[in-house]
Amino acid sequence: MGPISVTKAIDAPREQVFDFVCDLANRPAFTDHFLGDYRLERFESAGVGAAARMRITKTGLWMETIIVETSRPYRIMERGKGGRLDRIPTLTAWELVEGPGAATSEVTARFGTEPTHPVDRIRELRWGERFYRRQWSTVLSRLKDVIESGRPGDRVVIAGGAREPVT
């Protein structure tokens, strides 16, 4: 499936939006409508190397994402894999552009998959692009609500690990 792209204006400084999106522990606050069983894979949940694993609730398939590149406060690139036996590569890109006002940001989310197995290609033809476009559009709407409200969203933490001081 070619990359789908969704854009939304958020009334908040670009740096604030970047910090919130770049921290994978914040993701359930705006993606839990279609992603469940969200788990961090590393203690450090923000920045390059941060990783998480989650389940797409409609299909029951697992997916993982790893932040591979950040350009503060402009872009976050994530690579991952998902599907049956983790054989479908995925790419997620977040681009943040300063909007017309000083405190306005325009956020663009791009998501794409590259299924190589025939079964995976057929499955994505059936519900892939339309499903993901609708879900990512809802993600950006919920992200806007969470950031503009100023209330802290639900964060995921790693259970059983030694507590690290927040710096």
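See the structure above.
Throughout what follows, the structure given in this document is the object of discussion.

Calculation criteria
The written sequence of each chain sets the order in which its residues are numbered from 1. Residues qualify for local features only when their pLDDT is at least 70, as the model is predicted, and side-chain atom pairs are given and counted only at 80 or more; totals for whole chains, interfaces and linings, by contrast, use all residues. Based on all heavy atoms of the structure, the side-chain values leave hydrogens and waters out of the count. Elements are defined by DSSP. Helices are runs of H or I of four residues or more, strands are runs of E of two residues or more, and each kind is numbered from the N terminus. When accessible area is computed with a 1.4 Å probe and restricted to protein chains, residues below 20% of their type maximum are described as buried, those above 50% as exposed, and intermediate ones as partly exposed. By definition, residues are in contact when any of their heavy atoms lie within 4.5 Å. By the criterion applied in these results, polar contacts are pairs of N or O atoms within 3.5 Å in which, for protein atoms, one can donate a hydrogen and the other can accept it, and in which residues neighboring in sequence qualify only through two side-chain atoms. Note on ring pairs: Phe, Tyr and Trp rings are taken, using the six-membered ring of Trp, and paired if centres are within 6.5 Å. Classes follow the plane angle, with under 30 degrees stacked, over 60 edge-to-face and the rest tilted.

## Things to note about the environment of Lys8
In step 1: With respect to the helices, strands and loops of the structure, Lys8 is situated in strand E1 (residues 4-10).
In step 2: Residue class for Lys8 comes out partly exposed when judged on its relative accessible area of 29%.
In step 3: C-alpha separation for the pair Lys8 and Ser137, spaced 129 residues apart in sequence, amounts to 8.3 Å.
In step 4: Filtering out sequence-adjacent residues up to four positions away, Lys8 remains in contact with Ser105, Glu106, Val107, Leu140, Ser141 and Lys144.
In step 5: Separated by 3.4 Å, the side chains of Lys8 and Ser141 make a polar contact.

## Some points on the packing of aromatic side chains
In step 1: Per the counting criterion, the structure on display carries 8 aromatic pairs.
In step 2: Where Phe34 meets Trp136, the ring centres are 6.1 Å apart and the plane angle is 70°; that geometry is what we call edge-to-face. With Phe34 in the loop between helix H2 (28-31) and strand E2 (35-40) and Trp136 in helix H3 (residues 118-149), this residue pair connects regions lying 102 residues apart in the sequence.
In step 3: For Phe34, a relative accessible area of 4% puts it in the buried group.
In step 4: Relative to Trp136, the ring of Trp94 lies with its centre 5.7 Å away and its plane at 70°, an arrangement referred to as edge-to-face. Placement of the pair is Trp94 in strand E6 (residues 88-98) and Trp136 in helix H3, with a sequence separation of 42 residues.
In step 5: Note on Trp94: relative accessible area 0%, which makes it buried.
In step 6: What makes Trp136 buried here is its relative accessible area of 6%.
In step 7: Ring pairing ties together the aromatic residues Phe20, Phe30, Phe34, Trp94, Phe111, Phe131, Tyr132 and Trp136, which thus form one cluster.

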